[in-house]
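Observations on the model geometry
Now for the letters of each chain:
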Amino acid sequence: MKKFVRYNGGTQSYYSCSDPKNLVIGKEYEVTSINVRNWQTDYTLKGINGNFNSVWFDDILSEKETVMAFSSAVPKIGEKIAYQFVHPNQNETFFLINENTEKIEKVKHIINNIYLANDSKKIYIFQVI
């Protein structure tokens, strides 16, 4: 099974690593190889040159991740939707990440302005604001 991780903004490491300037905070990456060392584990990522400390990434545990999303539009089947979600960084602060869904496959109105939706990659709980 493929391993996917999300960059959390980390830059510190025990051993030297590649410069993370090409990584995007909050973006998901596929891990193509894992190098376990004495004090650090490094990842090689698909489409990115270099080796990066594994603690700079959060694991995505299931094939379909669940995201609590904020959007200004109601999700509709067959359409993509722009949304934001809250992401923590290493300094225990939070920031908003802007993303777009793939084409929505299912939508269920839960209550008031809350919707459950999914695309081919993720499950979303949308709060329409």
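Anyway, here's the lowdown on the structure attached to this text. (Residues numbered from 1 in each chain as written. Predicted model: local features only at pLDDT ≥ 70, side-chain atom pairs only at ≥ 80, totals over all residues. Heavy atoms only, no water.)

What follows covers the pattern of salt bridges. It is possible for side chains of opposite charge to pair when their charged atoms get near one another. Inspection of every chain in the model, using the stated rule, returns seven salt bridges. Taking the shortest distance from any N to any O, the salt bridge between Asp-59 and Lys-3 comes out at 2.9 Å. Of the two residues, Asp-59 is situated in strand β5 (residues 57-59) and Lys-3 in strand β1 (residues 3-7); the sequence distance between them amounts to 56 residues. Looking at Asp-59, the relative accessible area reads 43%, which means it is partly exposed. Take Lys-3: its relative accessible area is 26%, and that puts it in the partly exposed class. Where Glu-102 meets Lys-121, a salt bridge forms, and the shortest distance between an N and an O atom there is 3.8 Å. A residue pair is termed long-range when its members are at least 10 positions apart, and Glu-102 in the loop between β8 (94-100) and β9 (106-111) and Lys-121 in the loop between β10 (114-118) and β11 (122-128) qualify at 19 residues. Relative accessible area serves as the criterion here: at 31%, Glu-102 is assigned to the partly exposed category. Classification of Lys-121 by relative accessible area gives partly exposed; the value is 48%. (Salt bridge = Lys/Arg side-chain N within 4 Å of Asp/Glu carboxyl O. Helix = DSSP H or I, 4+ residues; strand = E, 2+ residues; numbered from the N terminus. Buried < 20%, exposed > 50% of the residue type's maximum accessible area, 1.4 Å probe, protein only.)

It is worth spelling out the environment of Val-31 at this point. Tracing the backbone through its elements, the reader meets Val-31 in strand β2 (residues 28-36). A C-alpha to C-alpha distance of 32 Å links Val-31 and Lys-76, two positions 45 residues apart in sequence. Val-31 has contacts with Lys-3, Val-5, Tyr-43, Thr-44 and Leu-45, leaving out every residue within four places of it along the chain. (Contact = heavy atoms within 4.5 Å.)

On the surface, a cluster of nonpolar side chains totalling about 410 Å² of accessible area is made up of Met-68, Ile-110, Ile-111, Leu-116 and Ile-125. For Ile-110, the position within the fold is in strand β9. Ile-110 gets classed as partly exposed once you look at its relative accessible area, which sits at 46%. (Patch = residues over 30% accessible without salt bridge, like charges linked within 9 Å, V, L, I, M, F, W, Y side chains within 5 Å. Areas by Shrake-Rupley, 256 points an atom, 1.4 Å probe, with all protein chains shown as cover.)

To continue, consider unusual backbone geometry. At Asn-112, a residue that is not glycine, the phi angle is positive and equals roughly 45 degrees. Looking at the element boundaries, Asn-112 is found in the loop between β9 and β10.

Applying the stated criterion across every chain yields a total of 10 aromatic pairs. Here Tyr-7 and Phe-57 contribute two aromatic rings whose centre-to-centre distance is 5.6 Å and whose plane-to-plane angle is 50 degrees, an arrangement assigned as tilted. Of the two residues, Tyr-7 is situated in strand β1 and Phe-57 in strand β5; the sequence distance between them amounts to 50 residues. Comparing Tyr-7 with Phe-57, the two get one shared label, buried. The interplanar angle of 35 degrees and the centroid separation of 6.3 Å between the aromatic rings of Tyr-83 and Phe-85 together place this pair among those described as tilted. Accessibility expressed as a relative area gives 7% for Phe-85, which makes it buried. (Phe/Tyr/Trp six-rings, centres within 6.5 Å; stacked < 30°, edge-to-face > 60°.)

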